[in-house]
Amino acid sequence: MNSDEIKRGTYAREKGEVILREHEYDGIQEFDQKLPNWWLFTFYGGIAWFVIHWTLYYHTEVFQTDQQKIVSQVTALQEKKDAELAATLASLDDATLISKWSTDPVIVAAGEATFSINCVACHAADLSGMMDVGGNKIPLPGLPLTDGEWKYGAKPMDVFNIINKGTPVDSPGHNGAKMQAWGQMLTPKQVAEVTAFLISKNPKDFEG
Ligand code: HEC
């Protein structure tokens, strides 16, 4: 743009006239106006904002990105859960589960409540692992929990662990079905309560 054109532009703007650029394509011409200040301010402001934001969030420790926030919150939650589990495990063993937890009606009732919300779909309310459909017994995905067999160990803490951690990674599961780690959804106390409930339903399996 030479100085004549700039002058012409300023003059035209002052007069409120519209300047068109010389070239024309398909009968269409372009305006040759200075963009309004509010527009330019937003435009350059946007560029400046991007640089500041990008530097503060991605190249310094001043602010955290959403991803970093999520990772640190999940880590904090996991640490809290781990601590809770460690605290529960510290006071929990086979003998305690049998003699204290599984004989306490309040604990067993709490375990039964947890069971009826989370477990009946696959293990059935009567723990048989079977569903009655018009007189026919149809197996559910879970194993029966009253058959005297404890696939991952028959000690109370083995039962606690299979519920807490779910099917081990190296196990093919039961007919290809694996159980999730309930420790991700339930508190260690709830897992212990539901274990106590299962023990109370199988007293012979867990004698002394
Ligand atoms: C979505 C279906 C499903 C739900 C819901 C479920 N389980 Fe399971 N459960 C299974 C499957 C499948 C197995 C067999 C896993 C394997 O063989 O690795 C199993 C195995 C078990 C075992 C080992 C049984 C044995 O005979 O060794 C226990 C104990 C158990 N579940 C308890 C629970 C408890 C307690 C809950 C509720 C908190 C629950 N399950 C909820 C599917 C389920």
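Note that the coordinates shown come from a computational prediction; the quantities given were computed from them, not determined experimentally.

(A) The UniProt feature "domain: Cytochrome c" (unreviewed entry) in the protein, seen in detail. Here, UniProt's "domain: Cytochrome c" (unreviewed entry) annotation points to residues 106-202. Span residues 106-202 is 42% helix and 8% strand, its end C-alpha atoms 18 Å apart.

(B) Seen up close, a nonpolar patch on the surface. The grouping of Leu35, Trp38, Trp39, Phe43, Tyr44, Ile47, Phe50, Val51, Trp54 and Tyr58 at the surface amounts to a nonpolar patch, some 1,100 Å² of accessible area in total. You can see Leu35 is positioned in the loop between β2 (28-31) and α2 (37-58).

(C) Expanded view of the packing of helix α5 (residues 105-118) against helix α8 (residues 188-201). Relative to each other, α5 and α8 sit at 100°, their axes nearing to 7 Å. As summarised for this structure, α5 and α8 are arranged roughly perpendicular, according to the angle between their axes. When α5 is examined against α8, the residues Ile107, Val108, Ala110, Gly111, Glu112, Thr114 and Phe115 are found in contact with a partner set consisting of Gln190, Glu193, Val194, Ala196, Phe197, Leu198 and Ser200. Looking at the contact of α5 with α8 residue by residue, the classes come out as 8 nonpolar, 4 polar and 2 charged.

(D) Structural context of the UniProt feature "transmembrane region" (unreviewed entry) in the protein. Per the UniProt entry, the sites bearing "transmembrane region" (unreviewed entry) are residues 38-59 in this numbering. The span residues 38-59 shows a helical share of 95% and a strand share of 0%, and its end C-alpha atoms are spaced 30 Å apart.

(E) Examining the pairing of strand β1 (residues 20-25) more closely. With 0 of its 6 residues buried, β1 lies for the most part at the surface. Pairing of β1 with β2 involves 3 bridges; the strand directions are antiparallel. Counterpart to Tyr25 in the pairing with β2 is Ile28. Between β1 and β2, which follow one another and run antiparallel, lie 2 residues, and Asp26 among them has a positive phi close to 50°.

(F) Inspection of the packing of helix α7 (residues 156-165) against α8 at higher detail. Relative to each other, α7 and α8 sit at 130°, their axes nearing to 9 Å. Put simply, α7 runs oblique to α8. Relative to α8, α7 is oriented so that their crossing is right-handed. Contacts from Pro156, Val159, Phe160, Ile163 and Asn164 of α7 reach α8 at Pro188, Val191, Ala192, Val194, Thr195, Leu198 and Ile199. Here the residues of the contact of α7 with α8 are counted per class, giving 10 nonpolar, 2 polar and no charged.

(G) Focus on the coordination of the iron atom of the ligand. Bound to the iron atom of the ligand on the protein side are His123 (NE2) and Met179 (SD), at distances that span 2.0 Å. Given 6 donor atoms and angles of 87 to 179° at the metal, the environment of the iron atom of the ligand is assigned as octahedral. Highlighted residues: His123 in helix α6 (residues 120-123) and Met179 in the loop between α7 and α8, separated in sequence by 56 residues. A residue is classified by how much of its surface remains accessible, and His123, at 10% relative accessible area, is buried. For Met179, a relative accessible area of 26% gives the class partly exposed.

(H) Quick peek at the pairing of strand β4 (residues 136-139). Bridge analysis of strand β3 (residues 130-133) against β4 gives 4 bridges, and the strand direction is antiparallel. Opposite Met131, over in β4, you have Ile138 as the bridge partner. Counting the residues between successive antiparallel strands, the hairpin from β3 to β4 contains 2 residues, one of them, Gly134, with a positive phi of roughly 55°.

(I) Local environment of the packing of aromatic side chains. Applying the stated criterion to the full structure yields 6 aromatic pairs. Consider the rings of Phe50 and Trp54, whose centres lie 5.9 Å apart with planes at 20°: the pair is stacked. Remark: Trp54 and Phe50 occur in helix α2; sequence separation between them is 4 residues, near one turn of the helix. An aromatic cluster of at least three residues, connected via ring pairs, comprises Trp39, Phe43 and Tyr44.

Definitions and cut-offs
The written sequence of each chain sets the order in which its residues are numbered from 1. Two thresholds apply to this predicted model, a pLDDT of at least 70 for residue-level local features and 80 or more for giving and counting side-chain atom pairs, whereas whole-chain, interface and lining totals are computed over all residues. Values shown for side chains rest on all heavy atoms present in the structure; no hydrogens or waters enter the calculation. UniProt positions are given in the numbering used here, feature names are shortened, and annotations may be inferred rather than shown by experiment. Numbering goes from the N terminus for both helices and strands, where a helix is a DSSP run of H or I of at least four residues and a strand is a run of E of at least two. A patch is a set of surface residues, each over 30% in relative accessible area and not in a salt bridge, joined within 9 Å for like charges and within 5 Å for the nonpolar side chains Val, Leu, Ile, Met, Phe, Trp and Tyr. Working definition of accessibility: Shrake-Rupley area with a 1.4 Å probe, residue cover restricted to the visible protein chains. A pair is scored as a salt bridge if a Lys or Arg side-chain nitrogen falls within 4 Å of a carboxyl oxygen belonging to Asp or Glu. To define axes, lines are fitted to C-alpha atoms, for helices over the stretch in contact only, and angles between the resulting N-to-C directions are given on a 0 to 180 degree scale. Working definition: roughly parallel below 35 degrees, roughly antiparallel above 145 degrees, roughly perpendicular at 65 to 115 degrees, and oblique for all remaining angles. By the convention used here, residues are in contact when the closest approach between their heavy atoms is within 4.5 Å. Only Asp, Glu, Lys and Arg are considered charged in this grouping, and only Ala, Val, Leu, Ile, Met, Phe, Trp, Tyr, Cys and Pro are considered nonpolar; every other residue, Gly among them, is considered polar. Partly exposed residues are those whose accessible area sits between 20% and 50% of the maximum for their type, while under 20% is buried and over 50% is exposed, using a 1.4 Å probe and protein chains only. Each pair of strands is called paired provided DSSP finds at least two bridges between the two strands. The handedness criterion is simple: a crossing whose near helix is rotated anticlockwise from the far helix by less than a right angle is left-handed, and one whose near helix is rotated clockwise is right-handed. The rule for donors is simple: an N, O or S atom within 2.8 Å of the metal counts, and for Na, K and Ca the reach is 3.2 Å. Water is not among the atoms, so a site may look short of donors. Every geometry call rests on angle ranges, with four donors termed tetrahedral when all angles are between 85 and 135 degrees, four termed square planar and six termed octahedral when opposite donors are over 155 degrees apart and all others are between 65 and 115, and everything else termed irregular. Centres within 6.5 Å make a pair out of two Phe, Tyr or Trp rings, where for Trp the six-membered ring is used; the pair is then stacked when the planes are under 30 degrees apart, edge-to-face when over 60, and tilted otherwise.

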